[in-house]
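Listed below, chain by chain, are the residues.
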Amino acid sequence: MLTTKNLLPNAIKSALLITLLAPVAHSAFADAGSAKVDFRLRHESVSQDNALKDADALTLRTTLSYTTPSVGNFSGVVEFEDSRAVFGVDDYNNTLGMNTDYSVIADPETTELDQGFVQYSNAGFAAKVGRQVITLDNHRFVGHVGWRQDKQTFDAATLSYGGIDDLTMQYSYITQRNRIFAEQRDLDSKDHLFNVGYKTSLGTLTGYGYLLDEDTGITKTYDTWGLRFAGKSAGETLSFLYTGEYATQSSEINGSEFDADYYLLEGGVVFSGITAKVGYEVLGSDDGAYGFSTPLATLHKFNGWTDQFLGTPAQGLEDAYISLSGKLLSGSWLVAYHDFSANDGTADIDDFGSEWDAQYTMAFAKHYSAGVKVGLYQSGDNATGKVDTDKVWFWLGAKF
């Protein structure tokens, strides 16, 4: 178990190591093309009101990427990623069978090719083939899960076009999902992603279709079609934010078919450097037997940072939330509150509890960043399978 006594010395040692090695590694690969080195040292602790032991992990993620010069509108990118537990602080369930008597921290040790693709770009048209990051809109349906130390990428072919004013179009075909749990839990797939956006004076209207098919020997498909509108109205002293979204999903899992809907309404106001938002998100249910699913999403970004709802309950999920954010000194702060309930609840399963989240982040000395983040989840009166959970993170990053 990590203690306050040894946390500070360990963090100082790692910070010095990052500071000394990062410029050396960067200069060694930057003679031609563009090279980048990214370090993130993070401590995460998890405490749950159950039989599992409290978890502690001090992990260092190192990302080394290289982009070739463009030749005839062609270029290439190679990126390697390594995640290690450091200084012996590894009392956690890493999701791969290690320390299963501890709470989960989903940062297994791994070294892998994170990205490796060839791309062509000309006159608003771009094509990309190989292992790549794909993010769409706000990451609710397709994201890179960059919060975890092993981020999500895809083996895919992507075509995009932006040569018409205010119109963007993108299509991706995915053959493998390289998920956050190291290579052991990557999934073969046959996924089609369609996304078209049109920018207006009031905001951006986006239509999408995400047709997902796990190629794993069992039937598991998710066909989702939706519309999203998001915009901002700026005034002299006040600015207003607004988002509305609707999607419908048809799914087949091992011969059983389900249908569910998704809704999002969010409004906000910006005043005196403070941004206040209130929102209501619904991941619907099919009569309490199936919950609307977003398996390619950056799930940590939604429904609370303690990750209680990475999989939507069969009863669906309703999340009413409010947040405040702003600037303080040389950094940024955010505080949020969520109230969770079932979309199609019963007398036994209805109140899914609530959560407070808060964080402070800052950048300094051009190449460095740091932050602290807290998530406090309180289980509801009849939230079967949920327990009170506290999570705390501290991190230091460096990019060159």
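All figures in this text were calculated on a predicted structure; none of them were measured in a lab. (Residues numbered from 1 in each chain as written. Predicted model: local features only at pLDDT ≥ 70, side-chain atom pairs only at ≥ 80, totals over all residues. Heavy atoms only, no water.)

**Q** In this structure, what is going on with the overall build of the protein chain? I would like to understand it.
**A** When you go through the protein chain residue by residue, the secondary structure sums to 1 helix and 18 strands. What you see for the protein chain is a C-alpha radius of gyration of 22 Å, in line with the 21 Å of a compact globule of 400 residues. Principal axes of the C-alpha set define a box for the protein chain whose edges measure 60 × 60 × 55 Å. With 400 residues in all, the protein chain has 45% of them scored as buried. Contacts in the protein chain between residues far apart in sequence, at least 24 positions, make up 57% of those at least 6 positions apart. Summing over all exposed atoms, the protein chain offers an accessible surface of approximately 19000 Å²; the carbon and sulfur share of this is 58%. Computed over 29 positive and 52 negative side-chain charges, the inter-centroid distance for the protein chain is 9 Å. (Helix = DSSP H or I, 4+ residues; strand = E, 2+ residues; numbered from the N terminus. Rg over C-alpha atoms; globule rule 2.2 N^0.38 Å. Buried < 20%, exposed > 50% of the residue type's maximum accessible area, 1.4 Å probe, protein only. Contact = heavy atoms within 4.5 Å. Areas by Shrake-Rupley, 256 points an atom, 1.4 Å probe, with all protein chains shown as cover. Lys, Arg positive; Asp, Glu negative; His and termini not counted. Charge placed at Lys NZ, Arg CZ, Asp CG, Glu CD.)

**Q** Sorry, what's going on with the environment of Asp 287 here?
**A** Position of Asp 287 relative to the elements: it lies in the loop between strand E13 (274-283) and strand E14 (317-328). Spatially, the C-alpha atoms of Asp 287 and Thr 248 are 15 Å apart, while their sequence positions differ by 39 residues.

**Q** Would you mind showing me how to read the UniProt feature "domain: Alginate export" (unreviewed entry) in the protein chain here?
**A** Sequence positions flagged by UniProt for "domain: Alginate export" (unreviewed entry) are, in local numbering, residues 37-272. Annotated as 0% helix and 67% strand, the span residues 37-272 places its first and last C-alpha atoms 36 Å apart. (UniProt positions renumbered as here; feature names shortened; annotations may be inferred.)

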